[in-house]
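The residues making up each chain are set out below.
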Amino acid sequence: MTIRAVVWGENVHEQENKIVGDLYPKGMHQCIADVLNAEGGIEATTATLQQEEHGLPAERLAQTDVLLWWGHAAHGDVSDEVTERVCEAVWSGMGMIFLHSAHFAKPFKRLMGAACNLTWREAGERERIWLTSPNHPIAHGLPNPFDLEHEEMYGEPFGVPEPLETVFVSWFQGGEVFRSGLTYKRGAGNIFYFRPGHETYPTYHDANVHKVLTNAVKWAYNPASRVANPTDAPNVPVDQAPEKIVERGPRLHQDGEEGFR
Ligand code: ZN
């Protein structure tokens, strides 16, 4: 069994900022894909914003077990069509991992149904990541706690719905705390949000972060076949009710009608 992962990168800072370009000469997305490919059992490829359909045509999403998403400067350039397609893939069972500033990505906000806002500061301060669910598969093999010497600060309140599980909580040198590893289920899809990953720091070169990413891909993978048409809302006519009933009272719709959206 090989998990097919796609690492989606916005690929803007790497092209426009020398610090980011020097840290990630092949792009953050390729760096993350290389990490995943070094782990047995995962086959990772990349997709970027600049490609046709942002590199995510329907046929490719149908063949993707887990999608990872890093975006920041160009959230607004992601088309609504691709956003909806990604959300439908999640509802049908595709695993999805949102990284760092993807808290404001269109598919994340759509899947969370919330503002997804937070406080932030870019000061290269230390982030200490505590395991709040040490037996969770995503925390497997990690020291508790582990530090990232230079990171951007994200602080609470984080405007997301209460997660299924909080796997990590971060403390920052400046005093703030943040729920930095959160799991969700949306439709049939497993979702993980992982906070670290600011582009001007070498976060995606850190061995513990590599462990989180590979663990998360394995956790998010759903081996069941995809749910077909996850947004269908079919009408069930009276004569097809599981138990025999007699229609009574007036109605608006005809049998088998599509209904309103
Ligand atoms: Zn950042």
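**Here we look at the pairing of strand β8 (residues 177-186)**
Piece 1. Along β8, 7 of the 10 residues are buried, which leaves the element largely enclosed by surrounding structure.
Piece 2. Summarising the sheet, strand β7 (residues 165-172) and β8 pair through 6 bridges and their orientation is antiparallel. If you follow tryptophan 171 over to β8, its bridge partner there is valine 177.
Piece 3. Hairpin connection between β7 and β8: a loop of 4 residues separates the two successive antiparallel strands, and glycine 175 in this loop has a positive phi of roughly 115°.
Piece 4. The pairing of β8 with strand β9 (residues 189-194) spans 6 bridges and is antiparallel. Paired with tyrosine 184 across the bridge in β9 is isoleucine 191.
Piece 5. Hairpin connection of β8 to β9: 2 residues between the antiparallel strands, including glycine 187 at a positive phi of 60°.

**Re helix α7 (residues 207-220)**
Piece 1. Counted at 1.5 Å a residue, the expected span for α7 with its 14 residues is 20 Å, and the 20 Å between its end C-alpha atoms agrees.
Piece 2. Along α7, the residues classified as buried are Val209, Val212, Leu213, Thr214, Asn215, Ala216, Val217, Trp219 and Ala220.
Piece 3. In this structure, the buried side of α7 is in contact with β1 (3-9), α3 (28-38), β2 (42-48), β3 (66-70), β4 (95-99) and β9.

**Topic: the environment of methionine 96**
Piece 1. With respect to the helices and strands, methionine 96 occurs in strand β4.
Piece 2. The buried category is assigned to methionine 96, around which 26 C-beta atoms lie within 10 Å.
Piece 3. Taking the C-alpha atoms as reference points, methionine 96 and leucine 68, 28 residues apart in sequence, are found 5.8 Å from one another.
Piece 4. If near-sequence neighbours (up to four positions away) are discounted, methionine 96 is found in contact with Leu67, Trp69, Val90, Gly189, Ile191 and Ala220.

**A word on the sheet that holds β9**
Piece 1. Ordered in space as β2-β1-β3-β4-β9-β8-β7-β5-β6, the 9 strands form an open sheet in which the pairing is mixed. Both outer strands of the open sheet, β2 and β6 (146-155), are each paired with one neighbouring strand and no more. Sheet twist, expressed as the mean angle between neighbouring strand axes with direction ignored, is 25°.
Piece 2. Two elements, strand β5 (residues 119-131) and β7, share 5 bridges in a ladder whose sense is antiparallel. Across the sheet, the residue bridging to arginine 128 is tryptophan 171, located in β7.
Piece 3. Of the strands in this sheet, β3, β4, β8 and β9 touch helix α5 (residues 80-91), which is tilted by about 115° from β9.
Piece 4. Relative to β9, α7 is tilted by about 165°, and along the sheet it contacts β1, β2, β3, β4, β6 and β9.

The rules behind these values
Residue numbers run consecutively from 1 along every chain, following the written order of its sequence. Totals for whole chains, interfaces and linings use all residues, but because this is a predicted model, local features are given only for residues with pLDDT of at least 70 and pairs of side-chain atoms are given and counted only at 80 or more. Here a residue counts as buried when 20 or more other C-beta atoms fall within 10 Å of its C-beta, as exposed when 12 or fewer do, and as partly exposed in between; the C-beta atoms come from the backbone. Helical segments are the DSSP runs of H or I of at least four residues, strand segments are the runs of E of at least two, and each set is numbered from the N terminus. Any two strands are treated as partners once DSSP identifies two or more bridges connecting them. Take the residue count of a helix, subtract one, and multiply by 1.5 Å to get its expected span. With C-beta atoms placed from the backbone, a contact is any residue pair whose C-beta atoms sit within 7 Å. Comment: axis = line fitted to C-alpha atoms, over the contacting stretch for helices; angle = value between 0 and 180 degrees taken between N-to-C directions.

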